[in-house]
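What follows is each chain in one-letter form.
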Amino acid sequence: MFALDRQAGRLDGRWLPASAAQLLWERIVRDDPEVSPLLSPAGVARAAAQSWRRLHDFQMPFAALDDDLSSETAAFARWCREYRRLLEERDWTDGALAQLRVHALAAAPGLEMVGFDRLTPLQETLLQKWAAAGLEVRLARPPAVAGSCWRTQCLDPAAEIDAAARWAAERLDGERARRVAIVVPELARRRDEVRRIIERVVVPETGLSGGPAPEAQAFELAAARPLAQQPVVAAALDLLDAFVRPPDLPALSRLLRNPFVAGADEEGAARARLDARLRRYESPGLGLMAFEQLALERGCPLLAGTLAAARAAMSAWLEKDIPSHCSTSISILLAALGWPGSSPDSKEHQAEQRWRSLVVELGACDEFAGLISRAEAAGLLREMAGRVLFEPQELRAPLLVIDPETCAGMRFDALWVCSLDAAHWPPLAAPDPFLPRLAQLSQRVPRASAEIAAQDAKATLERLLASAGQVVLSVAEIEDDAPLLPSPLLDGIAVLAAPPRWPEPRLAAVSYTGRPELEALADGGLPPITADEAQRGGARLLELQAACPFRAQAELRLGARALEEPGVGVDAAERGDLIHQALAVLWQELGDQQTLKALDPSNVVVAVRRAVATALTGARRSADDLMRRLLDLEADWLEARVLEMVEVDRARTPFVVEEVEAPRKARIGALTLDLRLDRVDRLADGSLAVIDYKTGANAEIKAWLDERPKLPQMPAYVQALGPGQVGAVAFARMRSGDTGYVGVARAAEAFPGLKVPGTRGWPRDYDSWQQLLAAWQRRLEALAAEFAAGDARLAPDPPRACEYCHLGALCRIAETSAAKPGEEAADE
Ligand code: SF4
C-alpha cells in the first residue's frame, strides 16, 4: 500500500527493505560502546528490530522507554533514537512506519480482513481511520461450525501425531473431497519429525524408500522454514564459504559431496573416493589450488575445471567492495561452479528463484553497508537467508498440517489438535526484553504475562473448536520421560477412549504376513585366508576377532573402514601416538632407572621437555596458528603425564629399558603377526616386563582375562618374546590423577604393585602364572584359527562390541534381531 501511495504521488520518501533495516540495526548495536563484546550484534539487532516493530504495532509511546529503569530498555531507547535519526536524515520508511503513513485511498474501495484472531492497536486505529474516511472495512468472522468435540490421550508426542494421521486417513478414505486438518503447536520446530510420522501413515512407501516421497501430494505441511535450510540454498551458502575464506577440510569435503556443483552426477563415485582420501591423508591446510590439482589427478577432471573457473571468477572480486558488486560477483561465482546443476526439480527451482532475489536485495544495500569484505558479504547473505521463511508451493492436498496461529479464519470438515497439555497450553509467558513491562501489560502484547498467554490460548482454542464439524483434542501422557497433565482448558470436554483409526495395517506388517516361505541359512563365513593373508596381520586382528569376527573379516580383509571425520585439534589417537613418542625418546636417552635416579628434579624436567618437544616436531611443522596454540596446550598435558610416569618409575625396583617401540613377529596358529611393543624392561631377577602405554579409560587387567579377551595384545606380546622370558606384563596408565602400573607378575618382588596369580586377592581362577600363560596361548590360537578359517559371525556380545562400531549398516545386526518373528508380532 505504501508503494501504491508513492506511485500515486500521495507520499514521498524511500522504502527501506527489511534486510537493509537489519543492517542498520546491526551497525547501531555494534557501534554502541556500552554493548558487551560477548553479545552477538546480529542476534541483538534481530531482537531489537522485532521490538521496534512491536513498539509501533502496539502503539507504545517513545516516552515509555525513557521511564523504564532496566538497562535493556535503556539500551533499546538509545538504539531507537539513532535508528530514527538515520531514517529521518535519509528520508527512509521501514515496514513499521509505513503502516502509520499509508493513505486511505490506497485501500480504496474497501478492505476485508480474514484470519485475524486479534487486531493490534495500530491495525484497529487504521481501520477506524479508513472507515471514517468512507472506506468499506469488514473484519470477516467465518460463522462458527456446530459439531462434536472430544478429547483423547496418547502415549507420547510421536504416538499423538501417528494417531492423528490415522484418524485423518480414516476420515479421508474414499472421501477426498473432505478438508481435514491436524493442528500442531510449534510446527516449525517439529516440522521434520511430524512430516516423517505422517508420511509413514499416509504415504507408506516412504517406509521402504527411507526418505520423503518427492511427488507425494497426500498432505500439505504449512510450516515454512528458513530459506537457508532449503538444500539448494544451503549448498550455495556452503560453496560461497569455501571460496571467501581459506577452506578447511570439512569445507572441501562438503564441496565434494555437494550435489548442486557441475559434474556431481558424472563424477559422483570418483568424488566420494577423493573425499575418503582427503579425510585420511590430507593436512588441514590444503589450499584450493592443491585441491584442484588433487581433483585432476584423482579422476575428477570436471571438478578441477569447475574449480579453475571459480578461481578465475574470484580473481575479479575485490577483497573489499560495495554490496552491488559483491552481489554480481556471487552470481558469477555460483554460475562458474555450475550451481544449481542441470536439472533442479520444481521445489529447488522455486528456492533458487527466491535466493536470486535475495542476492539482488543484497546488491541494493550499497547505501547502508559501505565497503564490505567477501566474507562479510557471504555472512550477510547467510543472515538474510536465515531470516526469510520459504515454503515451496505444493499442490493443494486434502489433509493440511498447520499450526494454531496460521489456521485462523479457516474452516474444515474435521480437525485434530495436538499437544493440549498443561505444559504447552497455555504457553509460558515470554515478555519482550526491550519494551517496558508495564506498557506491554497495558497494551496486551501477546505472552507479556502468564495471564495474557492464558486468555489468548483460551480464545485460540475456542476458535479452533468452532472451525470444524468434528474436533478431536489430544494430549500426550509423557514427553522425554516426564509425565504430562491435560490443559485445564480441556475441563468438561468428553473423553474419547479410542478414536477411529484407519484400518490399513502397517506396511511392514503387510510385507511380513505376505512373505514367501523361506529357508533360513546363516552364512557367517568368508573363504579361508590365503598364505599371503596369513603373513599380514597385527595386534588389532586379534582384538577385532575377539570382539566381533564379522568386523575383523570386514575391516581387515574387505577394507570396510570408517571415513575419518576431519576435525580441529589433537584427537585421542594422535594424543596416544604423541605420548608414545615422547616416552620412547626419553627412555632412549636415559636407558635405565639408575640414570634416572642420578638426575636431579630440574634435569628430569629438562629431559622430559626435550622429549616432548621432539615428539611434537612433526605435528608443529604442518600446523597453522590455531593448531600451534593447541599443540602448546598439548605439550603441557604431555609433560605433566610423562613427569608423573617418571616419578612412578623412579619408585620401582631396579630395571633396565631393553627395547622401546620394538618391532617383533609372533607366530600364533597359522598367522604371523607384526607387533610393536611399547617398552620392554629387564627386571632385577633377569626376566622381562612387557609394558603398554594407555591414555584411555580401558586399561584394566580384566581386558586380558575373558575367554574372548577385550585387549589380547598383551598376551600376544608375551608370545612374541617367548613366554619363558617374561616375568611381568603391565599397562602404564597415564591419566590425570591416576597414573601408574596395573598388571600381573610371576612374583611379587619382580614388579611390586602388580597382581600375582595364585595369591590372595587375585580375582580369577588361575592358580599360577604358568596356568595363566597357558590359557592365553590357547585363547590366542583359537582366535587365530577362527580368523584363518574366515569365521565372520556377528558379535557374540553386541552391547559391548557394537557401541563404537561403524559397520552396523554393513552387518545389519539391528535388522537381524528385528526380523525375529516374535518381536515383529509384539511390535504390532
Ligand atoms: S556393528 Fe556389531 S555385529 Fe556389526 S560388525 Fe560392528 S561389532 Fe560386529
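Shown above is the structure to which this text applies.
Criteria and cut-off values
Residues numbered from 1 in each chain as written. Predicted model: local features only at pLDDT ≥ 70, side-chain atom pairs only at ≥ 80, totals over all residues. Heavy atoms only, no water. Helix = DSSP H or I, 4+ residues; strand = E, 2+ residues; numbered from the N terminus. Lys, Arg positive; Asp, Glu negative; His and termini not counted. Charge placed at Lys NZ, Arg CZ, Asp CG, Glu CD. Contact = heavy atoms within 4.5 Å. Near = heavy atom within 4 Å. Nonpolar A, V, L, I, M, F, W, Y, C, P; charged D, E, K, R; others polar. Phe/Tyr/Trp six-rings, centres within 6.5 Å; stacked < 30°, edge-to-face > 60°. Buried < 20%, exposed > 50% of the residue type's maximum accessible area, 1.4 Å probe, protein only. Lys NZ or Arg CZ within 6 Å of the ring centre and 35° of its normal. Core = buried A, V, L, I, M, F, W, Y, C linked by side-chain atoms within 4.5 Å. Salt bridge = Lys/Arg side-chain N within 4 Å of Asp/Glu carboxyl O. Polar contact = N/O pair within 3.5 Å; in protein donor to acceptor, adjacent residues only side chain to side chain. Expected span 1.5 Å × (residues − 1). Pairing = 2+ DSSP bridges. Axes fitted to C-alpha atoms, helices over the stretch in contact; angles between N-to-C directions. Parallel < 35°, antiparallel > 145°, perpendicular 65-115°, else oblique. Left-handed = near helix turned anticlockwise from the far one by under 90°.

Asker: Even after reading the chapter, I still don't get the overall build of the protein, so can you show me in this structure?
Answerer: When helices and strands are counted, the protein shows 35 helices and 22 strands. Within the protein, one finds 96 positive and 118 negative side-chain charges whose respective centroids are separated by 1 Å.

Asker: How should I be thinking about the environment of Ala552 in this particular structure?
Answerer: Of note, Ala552 is situated in helix H25 (residues 549-556). Spatially, the C-alpha atoms of Ala552 and Leu541 are 6.3 Å apart, while their sequence positions differ by 11 residues. When near neighbours in sequence (up to four residues on either side) are disregarded, Ala552 contacts Leu541, Leu544, Gln545, Arg557 and Phe787.

Asker: What exactly am I supposed to notice about the site of the ligand here?
Answerer: Every residue near the ligand is listed here: Cys548, Phe550, Arg551, Ala795, Ala801, Cys802, Cys805, Leu807, Gly808, Cys811 and Ile813. Looking at the shell around the ligand, the elements that each hand over two or more residues are H25 and helix H33 (808-811). Looking at the shell around the ligand, its residues break down into nine nonpolar, one polar and one charged.

Asker: Explain the packing of aromatic side chains here, please?
Answerer: Aromatic rings in a pair are described by how distant their centres are and how their planes are angled relative to each other. Under the counting rule described, the total for this entry stands at 14 aromatic pairs. Ring plane angle 20° and centroid distance 4.2 Å describe the contact between Trp25 and Tyr83, whose orientation is recorded as stacked. Linking Trp25 in helix H2 (residues 18-31) with Tyr83 in helix H5 (residues 71-90), this pair joins segments that are 58 residues apart in sequence. With a relative accessible area of 1%, Trp25 lands in the buried category. On the accessibility criterion, Tyr83 (0% relative accessible area) is buried. Taken together, the ring pairs connect Trp25, Trp52, Phe62, Phe76, Trp79, Tyr83 and Phe434 into an aromatic cluster. Of note, Arg652 hangs over the ring of Phe655, and the distance from its end group to the ring centre comes to 4.0 Å. A cation sits over an aromatic face here: Arg652 above Tyr741, 5.2 Å from the ring centre.

Asker: Quick question: what am I supposed to make of the nonpolar core here?
Answerer: Within soluble globular proteins, side chains that are nonpolar generally end up buried alongside one another. Grouped together as the largest cluster of nonpolar side chains are 90 residues, with contacts concentrated most on Phe76, Trp79, Phe243, Phe291 and Trp355. Of all the elements, helix H11 (residues 231-244) adds the most residues to this core, at 10 residues. With 46 residues, the next largest nonpolar core counts Leu541, Trp704, Trp762 and Trp776 among its residues.

Asker: It is not clear to me how the pattern of salt bridges should be interpreted in this structure. Could you clarify?
Answerer: Side chains that differ in sign of charge can pair as their charged atoms come close. Within the structure shown, the criterion is met by 63 salt bridges. The salt bridge involving Glu82 is made with Arg85; its shortest N-O contact spans 2.8 Å. Taken together, the positions of Glu82 and Arg85, both in helix H5 and three residues apart, correspond to about one turn of that helix. Owing to a relative accessible area of 28%, Glu82 belongs among the partly exposed residues under this scheme. Arg85 sits in the partly exposed class, given a relative accessible area of 38%. When the shortest N-O distance is used, the salt bridge between Glu786 and Arg793 registers 3.4 Å. Beyond isolated ion pairs, a larger network of salt bridges with shared partners links Glu82, Arg85, Glu89 and Arg90.

Asker: Before we go on, may I ask you to explain the side chain of Glu533 in this structure?
Answerer: Checked against the element boundaries, Glu533 lands in helix H23 (residues 531-534). Within polar-contact distance, the side chain of Glu533 engages the side chain of Arg557 at 2.9 Å. Beyond its immediate stretch of four places on either side in the chain, Glu533 contacts Pro528 and Arg557.

Asker: How do you make sense of helix H31 (residues 769-788) when you look at a structure like this?
Answerer: Taking 1.5 Å per residue, 20 residues should reach 28 Å; H31 reaches 29 Å between its end C-alpha atoms and fits that length. Within H31 the residues assigned to the buried category are Trp769, Leu772, Leu773, Ala775, Trp776, Arg779, Leu780, Leu783, Ala784, Glu786, Phe787 and Ala788.

Asker: Which parts of the structure should I look at to understand H25?
Answerer: Helical periodicity: at 3.6 residues per turn, an α-helix aligns residues three or four positions apart in one direction. Counting buried positions over the eight residues of H25 gives seven, a clear majority of the element. Among the residues making up H25, those that are buried are Pro549, Phe550, Arg551, Ala552, Gln553, Ala554 and Glu555. Buried-residue contacts for H25 involve helix H24 (539-547), H31 and H33.

Asker: Would you mind going over the sheet that holds strand E14 (residues 468-476) with me for this structure?
Answerer: In any sheet, the strands associate via hydrogen bonds between backbone groups, in a parallel or an antiparallel arrangement. The strand order E5-E14-E13-E6-E12-E7 describes an open sheet built from six strands, whose pairing is parallel. Two strands bound the open sheet, and with one partner strand each, they are strand E5 (148-154) and strand E7 (219-221). Strand-to-strand twist across the sheet, computed as the mean angle between neighbouring axes with direction ignored, equals 20°. In this sheet, strand E13 (residues 412-417) lies alongside strand E6 (residues 180-183) in parallel orientation, the contact comprising four bridges. In the strand pairing of E13, Val183 is matched with Val417.

Asker: Mind showing me how you'd approach the packing of helix H26 (residues 572-590) against helix H28 (residues 601-621) here?
Answerer: Between two packed helices, what matters for the description is the angle formed by their axes and the separation of those axes. Between H26 and H28, the least distance of the axes is 8 Å, while the angle of their chain directions is 130°. It follows that H26 is oblique to H28 by the angle criterion. Relative to H28, the crossing made by H26 is right-handed. Taken together, the residues of H28 that come into contact with H26 (itself represented by Leu578, Gln581, Ala582, Val585, Leu586 and Glu589) are Ala607, Val608, Arg610, Ala611, Val612, Thr614, Ala615 and Leu616. Split by residue class, the contact of H26 with H28 holds 10 nonpolar, two polar and two charged.

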